[in-house]
Amino acid sequence: MFEKTVKRLEGFGYKLKAGDKAVLKFAVEKVTNTIKNECNVSAVPDGLINIAVDMAAGEFLGTKKAFSPADIAGLDLEPAVKQIQVGDTNTAFAVGEGSLTPEQRFDLFVEHLLNYGRGELACYRKIRW
């Protein structure tokens, strides 16, 4: 799962730096233990691997923001497309009043990575006696 998380982070535009392996390993272990404890299983089920990878990436990015914000400066936090109109081509970007700042978008992205798919854990839960 570690290598899949590295590739996922690279897909977001983040390349591991010196010292990142220990932080990422901890994030992967934390997510693995959380899933194993919530589901009462001895290993992360195959059906939850992608969710676990996203959760580990979110855990890692959240930690990097808290302790090394300069390290995530390379991530693309530019405006997201807010509206696209096909007829007469009109594209609006989420900038200006009423739109989110890059930091707010990053925080929402990390929150999404940490929580998306948590409902699927219930499918793999085993009864604890």
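Refer to the preceding data block for the structure.
As the structure is a computational prediction, the values presented were derived from the model and not from experiment.

**Student:** Hey, could you run me through helix α4 (residues 102-115) in this one?
**Tutor:** Quick reminder: α-helices carry 3.6 residues per turn. Residues three or four places apart thus point the same way. Between the first and last C-alpha of α4 there are 20 Å, a value that for 14 residues agrees with the 20 Å anticipated at 1.5 Å per step. Along α4, the residues that are buried comprise R105, F106, V110 and L113. Taken down its axis, α4 places every buried residue within 135 degrees of arc, on the same side. Of the surrounding secondary structure, the elements contacted by the buried residues of α4 are α3 (49-67). Positioned one or two residues after α4, G117 has a phi angle of 90 degrees, which is positive.

**Student:** What is the right way to look at the nonpolar core in this model?
**Tutor:** The nonpolar side chains of soluble globular proteins are, as a tendency, buried together. Judged by nonpolar contacts, the single largest core of 27 residues is most densely connected at L9, L24, I35, L48, F60 and L61. Among the secondary structure elements, those contributing two or more residues to this core are α1 (2-11), α2 (20-39), α3 and α4. It is α3 that contributes the most residues to this core, nine residues altogether. Contact partners of I35, with chain neighbours within four places excluded, come to V44, P45, L48, A52, M55 and L121.

**Student:** For this particular structure, what's the right way to read the pattern of salt bridges?
**Tutor:** Where side chains of opposite charge bring their charged atoms close, a pairing between them can arise. The tally for this structure, following the rule as stated, stands at six salt bridges. Its salt-bridge partner being E59, residue K30 comes within 3.0 Å of it at the nearest N-O pair. On the criterion of sequence distance, the pair formed by K30 in helix α2 and E59 in helix α3 is long-range, its members being 29 residues apart. Through salt bridges with shared partners, a single network forms among E38, R118 and R125.

**Student:** Is there a simple way to explain unusual backbone geometry in this structure?
**Tutor:** Where the residue is not glycine, phi is negative for most of them; where a peptide bond is considered, it is trans in most cases. Of note in the backbone geometry, N40 takes a positive phi value of approximately 60 degrees without being a glycine. Locating N40 in the fold gives a position in the loop between α2 and α3.

**Student:** I tried to follow the packing of aromatic side chains on my own but got confused; where do I start?
**Tutor:** Here the structure, examined in full by the defined rule, presents two aromatic pairs. For the pair F12 and F109, a centre-to-centre distance of 4.9 Å together with 90 degrees between the ring planes defines the contact as edge-to-face. On the criterion of sequence distance, the pair formed by F12 in the loop between α1 and α2 and F109 in helix α4 is long-range, its members being 97 residues apart.

Analysis parameters
Residues numbered from 1 in each chain as written. Predicted model: local features only at pLDDT ≥ 70, side-chain atom pairs only at ≥ 80, totals over all residues. Heavy atoms only, no water. Helix = DSSP H or I, 4+ residues; strand = E, 2+ residues; numbered from the N terminus. Expected span 1.5 Å × (residues − 1). Buried < 20%, exposed > 50% of the residue type's maximum accessible area, 1.4 Å probe, protein only. Arc of directions from axis to C-beta. Contact = heavy atoms within 4.5 Å. Core = buried A, V, L, I, M, F, W, Y, C linked by side-chain atoms within 4.5 Å. Salt bridge = Lys/Arg side-chain N within 4 Å of Asp/Glu carboxyl O. Phe/Tyr/Trp six-rings, centres within 6.5 Å; stacked < 30°, edge-to-face > 60°.

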